[in-house]
Amino acid sequence: MSALLDLPLTTLRGQAATLRDLASASGPVLVVNVASKCGLTPQYQGLEQLAKDYGPEKYGSGALTVVGVPCNQFAGQEPGSSEEIETFCSTTYGVTFPLLEKADVNGEGRHPLYAELTQAPDADGQAGDVQWNFEKFLIAPDGSVAGRFRPKTPPQAPELIAAIEGLLGS
């Protein structure tokens, strides 16, 4: 499963990376498909708060890393360029967590990261396509998917917080 951490990715700024490169040494990663023009866009604020509350300042190398993946597959709600997305995220929500380049999360052109992630079931046992913007996948330090949280689950939902806290420093 650690292969998930080593899939080739590209950051919003065009740099090659992997989840392992972006993450704290032994911490979990929360991967979220994001969009700037969605009713759920205010979740950026909660995601940034998670990144701060469970970040390296408090948890060192076992900290949580939030990674956003802009996606325009849901009603065209992420139409911007990389520069526009970065500016929107930083100025509107103060986002400091890493953002990847815009990618498809469903369908034939699905990014390999999401080809792996969508195999994981949610709390109801349902795997498959991402339902909408802001679906969250929690990846354990060993590269396994530790939890899948559907779009309407807010970043501060007790079940998501419990799952994150269960992986910190593991």
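Residues numbered from 1 in each chain as written. Predicted model: local features only at pLDDT ≥ 70, side-chain atom pairs only at ≥ 80, totals over all residues. Heavy atoms only, no water.

## Description of unusual backbone geometry
Even without glycine at this site, Ala75 takes up a positive phi of about 55°. Summarising the element assignment, Ala75 is placed in the loop between strand E4 (65–70) and helix H4 (82–93). With a phi angle near 70°, Phe134 is a residue other than glycine that sits in the positive phi range. Following the sequence through the fold, Phe134 ends up in the loop between helix H5 (112–117) and strand E5 (136–139). Of the residues examined, Phe134 reaches a relative accessible area of 0% and is grouped as buried. (Helix = DSSP H or I, 4+ residues; strand = E, 2+ residues; numbered from the N terminus. Buried < 20%, exposed > 50% of the residue type's maximum accessible area, 1.4 Å probe, protein only.)

## Section: the UniProt feature "active site" (unreviewed entry) in the chain
Feature annotation in UniProt places "active site" (unreviewed entry) on Cys38, given in this structure's numbering. When you line up the elements, Cys38 lands in the loop between strand E3 (29–34) and helix H2 (43–53). Owing to a relative accessible area of 9%, Cys38 belongs among the buried residues under this scheme. With residues near it in sequence (within four places) discarded, Cys38 still touches Gln77, Trp132 and Asn133. (UniProt positions renumbered as here; feature names shortened; annotations may be inferred. Contact = heavy atoms within 4.5 Å.)

## Things to note about the pairing of E3
By the criterion of burial, E3 is predominantly enclosed, with six of the six residues buried. Here E3 shows no split at all, with Val29, Val31 and Asn33 on one side and Leu30, Val32 and Val34 on the other all buried. Sheet topology note: the E3/E4 ladder contains six bridges and is parallel. Considered in E4, the bridge of Val31 is made with Val67. In terms of strand pairing, E3 meets E5 through four bridges, oriented antiparallel. The residue bridging Val29 from the neighbouring strand is Ile139, located in E5. (Pairing = 2+ DSSP bridges.)

## Topic: the side chain of His111
You can see His111 is positioned in the loop between H4 and H5. Separated by 2.9 Å, the side chain of His111 and the backbone nitrogen of Leu113 make a polar contact. Beyond its immediate sequence surroundings of up to four residues, His111 is in contact with Pro8, Leu9, Ala103 and Asp104. (Polar contact = N/O pair within 3.5 Å; in protein donor to acceptor, adjacent residues only side chain to side chain.)

## Things to note about the packing of aromatic side chains
Tallied over the full model, the rule gives eight aromatic pairs. On the basis of an interplanar angle of 90° and a centroid distance of 5.5 Å, the ring pair of Tyr44 and Phe134 is categorised as edge-to-face. Here the residue Tyr44 occupies a position in helix H2, and Phe134 occupies one in the loop between H5 and E5, the gap between them amounting to 90 residues. A ring pair is formed by Phe88 and Tyr93, whose centres lie 5.9 Å apart and whose planes are at 65°; its orientation type is edge-to-face. Look at Tyr93 and you get partly exposed, because its relative accessible area is 21%. (Phe/Tyr/Trp six-rings, centres within 6.5 Å; stacked < 30°, edge-to-face > 60°.)

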